[in-house]
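# Architecture and fold: a report
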Amino acid sequence: MAKLIFKYSGEMLEDCREASQIEMVIPDDFDIHEYKIICMRMASAMGFTESTIKESFGETLYDTQFDIEFSNFLKSTLNYSSSFEF
């Protein structure tokens, strides 16, 4: 497994009142499309807005049925009404 880690350090850590470290454990065999989605999720966890993420990363390509089903689950569970597409 691989890890993608975001960590505040130095002065940023002293002023941080939110998560100081975000760690994602991901499979070693992910493809570039899955990596893009992981980066988008990391950006969201770091506090970037949906519009900024979509503007920066563009559209996503879902290669697996799991991603489609998970996106639909989130939308239905959270009664999702934003224009941002997962």
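Each remark here, short or long, concerns the structure printed above.
Values in this document were obtained by computation on a predicted structure and should not be read as measured data. Along each chain, residues carry numbers from 1 onward, in the same order as the chain's sequence is written. Selection of residues for local features in this predicted model requires a pLDDT of at least 70, selection of side-chain atom pairs for listing and counting requires 80 or more, and totals for whole chains, interfaces and linings are taken over all residues. The side-chain values count all of the structure's non-hydrogen atoms but skip hydrogen atoms and water molecules.

## Some thoughts on the pairing of strand E2 (residues 21-26)
Selection rule: Each residue's exposure class comes from its accessible area (1.4 Å probe, protein chains only) as a fraction of the maximum for that residue type: buried when under 20%, exposed when over 50%, partly exposed otherwise. Each helix is a run of DSSP H or I of at least 4 residues and each strand a run of E of at least 2, with the numbering of both proceeding from the N terminus. Any two strands with at least two DSSP bridges between them are considered paired.
Residues Ile-22, Met-24 and Ile-26 point to one face of E2 and are all buried, whereas Gln-21, Glu-23 and Val-25, pointing to the other face, are not buried. Sheet topology note: the strand E1 (residues 2-7)/E2 ladder contains six bridges and is antiparallel. Bridge pairing links Leu-4 to Met-24 in E2.

## Remarks on the pattern of salt bridges
When their charged atoms lie close together, side chains carrying opposite charge are able to pair. As a reminder, the rule being used: A pairing counts as a salt bridge when a side-chain nitrogen of Lys or Arg comes within 4 Å of a carboxyl oxygen of Asp or Glu.
One pass over the structure, following the stated rule, counts one salt bridge. One salt bridge connects Glu-23 with Lys-3, and the closest N-O pair in it is separated by 3.3 Å. Here the residue Glu-23 occupies a position in strand E2, and Lys-3 occupies one in strand E1, the gap between them amounting to 20 residues. Overall, Glu-23 belongs to the partly exposed group, its relative accessible area being 38%.

## Some remarks on a nonpolar patch on the surface
Going by this rule: For patch building, the residue pool is restricted to those with more than 30% relative accessible area and no salt bridge; the joining distance is 9 Å between like charges and 5 Å between nonpolar side chains (Val, Leu, Ile, Met, Phe, Trp, Tyr). For the accessible areas, the method is Shrake-Rupley and the probe is 1.4 Å, while residue cover comes only from the protein chains on display.
Nonpolar side chains collect at one region of the surface, where Phe-66, Phe-70 and Phe-73 lie side by side and expose about 330 Å² of accessible area between them. With respect to the helices, strands and loops of the structure, Phe-73 is situated in helix H4 (residues 65-77). Assessed through its relative accessible area of 47%, Phe-73 is described here as partly exposed.

## Focus on the packing of aromatic side chains
Each aromatic ring pair is described using two quantities: the centre-to-centre distance and the angle formed by the ring planes. Selection criterion: Any Phe, Tyr or Trp ring, taking Trp's six-membered ring, that has another such ring centre within 6.5 Å forms a pair; planes under 30 degrees apart are called stacked, those over 60 apart edge-to-face, and the others tilted.
Tallied over the full model, the rule gives two aromatic pairs. The interplanar angle of 75° and the centroid separation of 5.1 Å between the aromatic rings of Phe-6 and Tyr-8 together place this pair among those described as edge-to-face. According to the relative accessible area criterion, Phe-6 is partly exposed, its value standing at 22%. Overall, the relative accessible area of 22% leaves Tyr-8 in the partly exposed class. Judged by centre distance (5.7 Å) and plane angle (15°), the ring pair of Phe-30 and Tyr-35 falls under stacked. Taking relative accessible area as the criterion, Tyr-35 reaches 35% and is therefore assigned partly exposed.

Without other data, these values stay purely geometric and don't point to any function.
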